[in-house]
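Here is what each chain is made of, one letter per residue.
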Amino acid sequence: MPELLTPKPISASRITLSQLMHLEHANLLGNVHGGWIMKLVDEAGALTCMRHSQRKVVTVTIDSMDFRQPIRIGDLVILNAEVSYTGRTSMEATVEVHAENPITGWQTHTNTAYLVYVALDDVGRPTLVPPLQAETEEDKQKMAQAQERQQRRLQQK
Ligand SMILES: CC(C)(COP(=O)(O)OP(=O)(O)OC[C@H]1O[C@@H](n2cnc3c(N)ncnc32)[C@H](O)[C@@H]1OP(=O)(O)O)[C@@H](O)C(=O)NCCC(=O)NCCS
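Residues numbered from 1 in each chain as written. Predicted model: local features only at pLDDT ≥ 70, side-chain atom pairs only at ≥ 80, totals over all residues. Heavy atoms only, no water.

Our focus in this paragraph is the site of the ligand. Near the ligand you find 16 residues, and of these Thr59, Arg88, Thr89, Ser90 and Gln150 are the closest. Arginine 88 places a main-chain nitrogen or oxygen 2.7 Å from an oxygen atom of the ligand. Lysine 157 is positioned with one of its side-chain polar atoms (N or O) 3.3 Å from a nitrogen atom of the ligand. Here the ligand loses 52% of its free accessible area of 970 Å² to cover by the protein chains. Breaking the shell around the ligand down by element, the ones donating at least two residues are strand S3 (56-62), strand S6 (107-120) and helix H2 (137-156). Looking at the shell around the ligand, the element that brings in the most residues is S3, giving 4 residues. Of the residues belonging to the shell around the ligand, the class tally is 7 nonpolar, 6 polar and 3 charged. (Near = heavy atom within 4 Å. Polar contact = N/O pair within 3.5 Å; in protein donor to acceptor, adjacent residues only side chain to side chain. Areas by Shrake-Rupley, 256 points an atom, 1.4 Å probe, with all protein chains shown as cover. Helix = DSSP H or I, 4+ residues; strand = E, 2+ residues; numbered from the N terminus. Nonpolar A, V, L, I, M, F, W, Y, C, P; charged D, E, K, R; others polar.)

With that settled, the discussion passes to helix H1 (residues 34-53). Spanning 20 residues, H1 covers 29 Å between terminal C-alpha atoms, matching the ideal 28 Å at 1.5 Å per step. Three or more residues of H1 are buried, namely Ile37, Leu40, Val41, Ala44, Gly45, Ala46, Thr48, Cys49, His52 and Ser53. Where H1 ends, the next residue or the one after it, glutamine 54, has phi of about 55°, a positive value. (Expected span 1.5 Å × (residues − 1). Buried < 20%, exposed > 50% of the residue type's maximum accessible area, 1.4 Å probe, protein only.)

Limitation: the analysis is restricted to geometry and does not speak to function.
See below:
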């Protein structure tokens, strides 16, 4: 389906996921368990890549994730995800995580994660994805940095 492979801008598949952190998300210290955040990061990354490719996707690799600030129970976690690189069948998603105190409105950037997904066809084989189109100078810079990260991953494989 050639129309599916027409270049698409980053803005066309950018998504935001928000979730309130409840007691069920707590770790033994009473903050949010990092595993919940990792699951949400993977979901946000997969969704932006599904939107871009209009295909099912699987996670191939997740770069290391550093948590710079604890997230508290009662915070709203906000995940902004966008596609930052496309190869033939692979895509990198950049996911920025913020935590907001909904009463004070105070927001902190807790971490940024990079994940790679592969698009699958109807029988589960890797399939081509549309190229990414830069709309701004900032897009071009993000895409160049993402390409370097992907080259490093493949060299380390
Ligand atoms: C993803 C999967 C379908 C790839 O199959 P494969 O036969 O290895 O396919 P390829 O070697 O052609 O790789 C496909 C793409 O992934 C990229 N890739 C593979 N391993 C990678 C890695 N470690 N880092 C970055 N990219 C990687 C390849 O460069 C290729 O990209 P391109 O098509 O854009 O050039 C297969 O490995 C798989 O099913 N993995 C399990 C996925 C899964 O279950 N995830 C959830 C885990 S809980």
